[in-house]
Amino acid sequence: MQVKERIAAAGLSAGADYTRIPTFLKIDPGKSSLISGADFLTLESHLFRHGGYPAGEMPRRWTAGPELEQPVSVHPSADTRSARVEGRYEGESVLPLTVEARTASGLQAAAQIELIPPFLDPPGFLREPSLSVEAGTLRLDYELALEGRPDDSVTRWFRLSEEPDQPPVLIAYSNQGVPVKEYALNRGDQGRQIYVEVEPKHNRSAAGPKETAVSVTIAPEQVVHRNHFSTDFTDFPACWQPRILPGAWTLDSYKPSDTEYYDWKAVRDTDTWAYTDGVDGSAGLRGMAHIHKGARMLYTPVEENEGGYDR
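The structure presented is a predicted model; accordingly, all values stated were derived computationally and were not measured.

## A word on unusual backbone geometry
Part 1: With omega at -5°, the peptide bond leading from Asp-28 into Pro-29 counts as cis.
Part 2: Among the structural elements, Pro-29 can be located in the loop between β1 (24-28) and β2 (31-35).
Part 3: In this structure, Phe-233 takes a positive phi of about 70° despite not being glycine.
Part 4: The topology assignment puts Phe-233 in the loop between β16 (229-230) and β17 (248-253).
Part 5: Phi is positive for Asp-280, which is not a glycine, with a value near 55°.
Part 6: Along the chain, Asp-280 falls in the loop between β18 (273-277) and β19 (286-290).
Part 7: According to the relative accessible area criterion, Asp-280 is exposed, its value standing at 73%.

Quick look at the structure:
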């Protein structure tokens, strides 16, 4: 096709070098987040010729928006290759926006930024956490000074072990960013105490100092005996837990003997599962995913005839 020769000939007749004309403008990072008033973000722009080769420089014009009231200020560098972005947003939720760079020849690039409002102090407790049992369910109650904001507190539920020298077992966790306020008792809880740690938090704060609520020792009559177990994993504690305990989950890593010729090892003392965003066929969903090879998940019923479970 002799495209290169034709471009060179056209440039020669026009007295210009068309082989070095920039055809692509890129901004790094393309996606990022920025805490308003507490940090700044530096965006770098790069010009390329056809084929991805670096191109000569030309001025850029930086803008943000479009917004009626600009939530950020953009300060280009002297050579306009980069820009410093500072937030001045005081809203209640994360604000998505774009920062753009353009050249006089018409090239354009954009970066997506999640603008986070300034952090506030964690909310205080108006009523400290307490636990009560009703119809086989342990309920958590507390009150925070939220001032109309959502309760995003971090909650961790633990079952004390039978042996005093053994650590408690994490039995529920706030994976969804909202507190877990109910826990369905099972036979494994009989004769044990359960306690909950609450770290107060709303949508504009980090988690504050934890407060703890401890239950009375769970009596057999307080447990509704179920022969079926079901979970959607939204409050599932996805941390390393290698012990096999009645009425509890075991999460560890295991390498079967028939894989001895493959070069990998089962991890130890490291989380092998995570409640996280899905990818590929599960994109747009959240759920349990193994994050290490050999990840294993087992549920041990209290009695052999406890029945099945759903996932």
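## Let's talk about the sheet that holds strand β8 (residues 108-116)
Part 1: With mixed pairing, 4 strands are arranged side by side in an open sheet as β2-β8-β7-β4. If you trace the sheet from one side to the other, it starts and ends with β2 and β4 (61-65), each paired once. Neighbour-to-neighbour, the strand axes of the sheet open up by a mean angle of 30°, direction not taken into account.
Part 2: Where β4 and strand β7 (residues 95-102) come together, 5 bridges link them in antiparallel fashion. Of the residues in β7, the one forming a bridge with Trp-62 is Ala-101.

## Let's talk about the sheet that holds strand β14 (residues 194-199)
Part 1: The 4 strands are arranged β12-β11-β14-β15 in an open sheet whose pairing can be described as antiparallel. Since the sheet does not close on itself, it has two edges, and those belong to β12 (169-173) and β15 (211-214), each with one partner. Adjacent strand axes in the sheet meet at a mean angle of 25°, parallel and antiparallel pairs treated alike.
Part 2: Strand direction decides the pairing type here: strand β11 (residues 154-159) and β14, joined by 6 bridges, are antiparallel. By the bridge assignment for β14, Phe-158 is matched with Tyr-195.

Basis of the calculations
- Residues numbered from 1 in each chain as written.
- Predicted model: local features only at pLDDT ≥ 70, side-chain atom pairs only at ≥ 80, totals over all residues.
- Heavy atoms only, no water.
- Helix = DSSP H or I, 4+ residues; strand = E, 2+ residues; numbered from the N terminus.
- Buried < 20%, exposed > 50% of the residue type's maximum accessible area, 1.4 Å probe, protein only.
- Pairing = 2+ DSSP bridges.
- Axes fitted to C-alpha atoms, helices over the stretch in contact; angles between N-to-C directions.

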